[in-house]
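Residues per chain, in single letters:
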Amino acid sequence: MRSFSNSRLRLGIPRGVSITFTDRSCYEAQAPAPHSSRLRSARSRPTVRWWTCLLVAVLALASPVAAQSASLTTTYRYDGLGYGGNGVFFDLQVHVPVTIDRLEASITNRHRVGTIELWSIPGGHSLANITSTNGWTMQGSATVVSEGIGAPSSVVFTDGSGNPAPFTLMPGLYGIALCYQNHAPAYSTSPPNNRVYSNSDMTLTAGSIQSAYFVTPRAGAAIWNGTIYYTVSPAWATWQSYGTGCPSTWAAFYEGFGGAVDLAGAPGSEGVVRLDPVGSGYLVTIDSPAWHTPTSAPLSLGDDTNSAPQLLPFTLSYPGGSTNRVIVGSNGYVYLGSGVSAQAYYGRRSLFLTDGPRLAAFWGDLNPAAGGSVHFDVDPSGNAAYVTWLAVPEYAVPNAVSTFQICIRSSGIIDYRYRSCVVGFAQAIAGWSPGRGVPEPEPIDISAAAAAGFVTGPDARPITLGCTGRPVLGQGISLDVAGIPTNTALAAVLMGFGRTPAPGLSLDNLFGGTEGCFQHVTAPLLTAGALVGPMSTGSIALTVPLDPSFAGGLLFNQAVAAISPPAYTTSGLITSNGVWLLLQGL
């Protein structure tokens, strides 16, 4: 490592360029000898004098900045649905003073109006009395309109006059209770879900759910589904992740519903979600209204049952296989193939991911034995087959009636056609999964995502950038890169003086061959450090200067990696999320 040093600023970078800045003059930095024959360009001597001067100017002249907005999200991968009056508990370890501005939460029953209260108690909730408010402090109350399961519902705490009323938590361990009135939380259970969610400012450890808040004992383990939005005092050093990396594709996709369903078309028409085979996945878009009126006799399906294999007039190719037989589930799905589980119960994410390939148009808890009918029709042309659920009610909820259809074409195109779908009590899933243990995707809003168009599979995750330590003046931190593909030739962390507006600057529009990749750091860009493959993780060490003039300075960072031979994107370039650093003395 070759370095340039003085008393003002030193970036110590292992296995990469080391750059030192000064207030008197600016130097050139020489890249080290290449570690691999693939890095011939590293023999050059890039001039970084103007980057150096600009960084010094930005940091040395930086005035105190405003409080930094940040957030911490758990998950929206629910597998449990609560009831009105539930209490959800977790522990929150606050590392720096934070002001809680608002929450977003996953709540059942879309468009329902209710109240959520947030209570806290020092020392954590596990030893606290949860059947009484003794020792607890109500920090805020919010009137909330639910957006439904898997969608973020805004929770803004207000005072008696309806004005926003954020509240501050000083460093320490707190037990948190979220109390639901006329609302029911969507939550996750454990295992196998992660129970600890953390950043530099706070750590959330999941707890439990209570059937009646501050009345009944704990009813079981629960991971609250939602996001905490907060601000950090500008006097405290901190860092925060923002934006997303690339690639980010899933083989499966789904949306969960716990109330009104927005997939249906206008009255008398159909909403159509179209799945076109593309490569090893599907292009998912919105299509024109279409419907086939069934002419076949109803399938003999009862509650929670599967049909006998139904013969297609063609061989259907789908991502991961092909078949000329399907099995129809009474609960609103079609298995591709005939070797499937006997399990036919309503929308379960675990089965959605581990069972056979499944077209889940509206996998709920439907009961054709109580009304309506299910049909399998073959088009006279022999080029399509139709599976139709006509006015089928939800189990034990006779007024929650759904009508929808799956069209399977010989070309491999699939249509989900919706006339009306209603969830009464049970949860429902819409989506597609090739099954056999594929990773669980993040839930999406299908109607919104399909309106823009999105592509599934193969499963590919972006590299991630994080930080170890807090950027306190005079102390060291490391920028940590994880999820690096094994065939990576070179990874680097870029540093800039600002961030691009969300969702970022499209690199594909600039250079091509970087599909779905965004630049989160504004130019000019400084190379904070490089890592030479093969590797799966790596860290770049930084030393924050012990100089009060740097207090309040903001640095923005993003990792990039070059895959050789190219993979994931046409060019082989992939990117991480962004990370901003707020330099302070505390």
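Residues numbered from 1 in each chain as written. Predicted model: local features only at pLDDT ≥ 70, side-chain atom pairs only at ≥ 80, totals over all residues. Heavy atoms only, no water.

> What's the story with the sheet that holds strand E27 (residues 397–409) in this structure? I'm lost.
Spatially, E25-E26-E27-E28-E19-E20-E30 is the arrangement adopted by the seven strands of the open sheet, whose pairing is antiparallel. Edge positions in the sheet fall to strand E25 (373–378) and strand E30 (454–455), since each of these pairs with one other strand and no more. As defined by bridge partners, strand E20 (residues 281–287) adjoins E30 across two bridges and the pair is classed as antiparallel. Across the sheet, the residue bridging to Val 284 is Phe 454, located in E30. (Pairing = 2+ DSSP bridges. Helix = DSSP H or I, 4+ residues; strand = E, 2+ residues; numbered from the N terminus.)

> I would appreciate a short explanation of the sheet that holds strand E24 (residues 358–363) in the present structure.
One key point about sheets: their strands pair by backbone hydrogen bonds, in either a parallel or an antiparallel sense. Reading across the sheet, the six strands line up as E18-E29-E24-E23-E22-E21 and stay open at both edges, with antiparallel pairing between neighbours. Edge positions in the sheet fall to strand E18 (253–257) and strand E21 (310–318), since each of these pairs with one other strand and no more. Each adjacent strand pair in this sheet contributes to an overall mean axis angle of 20°, direction not counted. Bridge count between strand E23 (residues 333–336) and E24: three bridges; the pairing is antiparallel. Looking at the pairing, Val 334 lines up with Leu 359 of E24. (Axes fitted to C-alpha atoms, helices over the stretch in contact; angles between N-to-C directions.)

> How do you make sense of the packing of aromatic side chains when you look at a structure like this?
Here a ring pair, both rings aromatic, is described through the centre-centre distance and the interplanar angle of the planes. Throughout the structure, instances matching the rule amount to 17 aromatic pairs. Look at Trp 389 and Phe 404: their rings are 4.7 Å apart centre to centre, the planes differ by 15°, and that puts the pair in the stacked class. Linking Trp 389 in strand E26 (residues 384–394) with Phe 404 in strand E27, this pair joins segments that are 15 residues apart in sequence. Judged by its relative accessible area of 0%, Phe 404 is buried. In this structure an aromatic cluster arises from ring pairing among Phe 89, Trp 119, Trp 136, Tyr 213 and Phe 214. Positioned above the aromatic ring of Trp 363, the side-chain terminus of Arg 358 is 3.8 Å from the ring centre. (Phe/Tyr/Trp six-rings, centres within 6.5 Å; stacked < 30°, edge-to-face > 60°. Buried < 20%, exposed > 50% of the residue type's maximum accessible area, 1.4 Å probe, protein only. Lys NZ or Arg CZ within 6 Å of the ring centre and 35° of its normal.)

> Just checking my understanding: could you explain empty space enclosed by the protein for this structure?
Leftover empty space is mapped by rolling, across the atoms, a probe with the size of a water molecule. A complete count under the given rule lists three cavities of 30 Å³ or more for this structure. Looking at the second largest cavity, its volume works out to about 50 Å³. Along its surface, the second largest cavity is lined by Phe 90, Leu 92, Ile 100, Leu 103, Leu 118, Phe 167, Leu 169, Ile 176 and Ile 228. Of all the secondary-structure elements, those providing two or more residues to the lining of the second largest cavity are strand E5 (87–94), strand E6 (98–105) and strand E10 (167–169). Residues that form the lining of the second largest cavity fall into these classes: nine nonpolar, no polar and no charged. (1 Å grid on protein atoms, 1.4 Å probe; cavity = no way out; pocket = protein on both sides within 12 Å on 5 of 7 lines; lining within 4 Å. Points joined across faces, edges and corners; volume = space filled by probe spheres on them. Nonpolar A, V, L, I, M, F, W, Y, C, P; charged D, E, K, R; others polar.)

> Any chance you could explain the pairing of strand E16 (residues 226–232) here in plain terms?
In terms of residue burial, E16 counts as a mostly covered element, since six of its seven residues are buried. Alignment of E6 against E16, held across seven bridges, turns out to be antiparallel. Looking at the pairing, Leu 103 lines up with Ile 228 of E16.

> Would you mind showing me how to read the side chain of Ser 200 here?
Residue placement: Ser 200 occurs in the loop between strand E13 (196–198) and strand E14 (202–210). Polar side-chain contacts of Ser 200 include one of 3.3 Å to the side chain of Asp 201. Of the polar contacts made by the side chain of Ser 200, one reaches the side chain of Thr 238; its length is 3.1 Å. Excluding residues within four positions of it along the chain, Ser 200 makes contact with His 95, Thr 238, Trp 239 and Arg 470. (Polar contact = N/O pair within 3.5 Å; in protein donor to acceptor, adjacent residues only side chain to side chain. Contact = heavy atoms within 4.5 Å.)

> Would you explain the pattern of salt bridges in this entry?
Any two side chains of opposite charge can pair, given that their charged atoms come close. This model, assessed by the stated rule, comprises eight salt bridges. Here Asp 276 ties to Arg 274 by a salt bridge, and the two come within 2.6 Å at their closest N and O atoms. Judged by relative accessible area, which is 22%, Arg 274 ranks as partly exposed. Each of Arg 274, Asp 276 and Asp 287 takes part in a single network of salt bridges with overlapping partners. (Salt bridge = Lys/Arg side-chain N within 4 Å of Asp/Glu carboxyl O.)

> Mind showing me how you'd approach the environment of Ala 184 here?
Mapped onto the elements, Ala 184 comes out in the loop between strand E11 (172–181) and strand E12 (186–188). The exposure class assigned to Ala 184 is buried, which follows from its relative accessible area of 4%. Considering only alpha carbons, one finds Ala 184 and Gly 84, 100 residues apart in sequence, at a separation of 4.6 Å. Setting aside its immediate chain neighbours within four residues, Ala 184 contacts Gly 82, Tyr 83, Gly 84, Ile 107 and Thr 108.

> Quick question: what am I supposed to make of the state of the cysteines here?
What is meant by a disulfide is a covalent connection between two cysteines, made through their sulfur atoms. Taken as a whole, this structure holds one disulfide when the rule is applied. Covalent S-S linkage joins Cys 246 and Cys 517, the inter-sulfur distance amounting to 1.8 Å. Across the S-S bond of Cys 246 and Cys 517 the torsion is about 90°, and the bridge reads as right-handed. Taken together, the residues Cys 246 in the loop between strand E17 (238–242) and E18 and Cys 517 in the loop between helix H4 (507–511) and strand E35 (518–519) connect sequence positions 271 residues apart. (Disulfide = S-S within 2.5 Å.)

In short, geometric facts, not functional conclusions.
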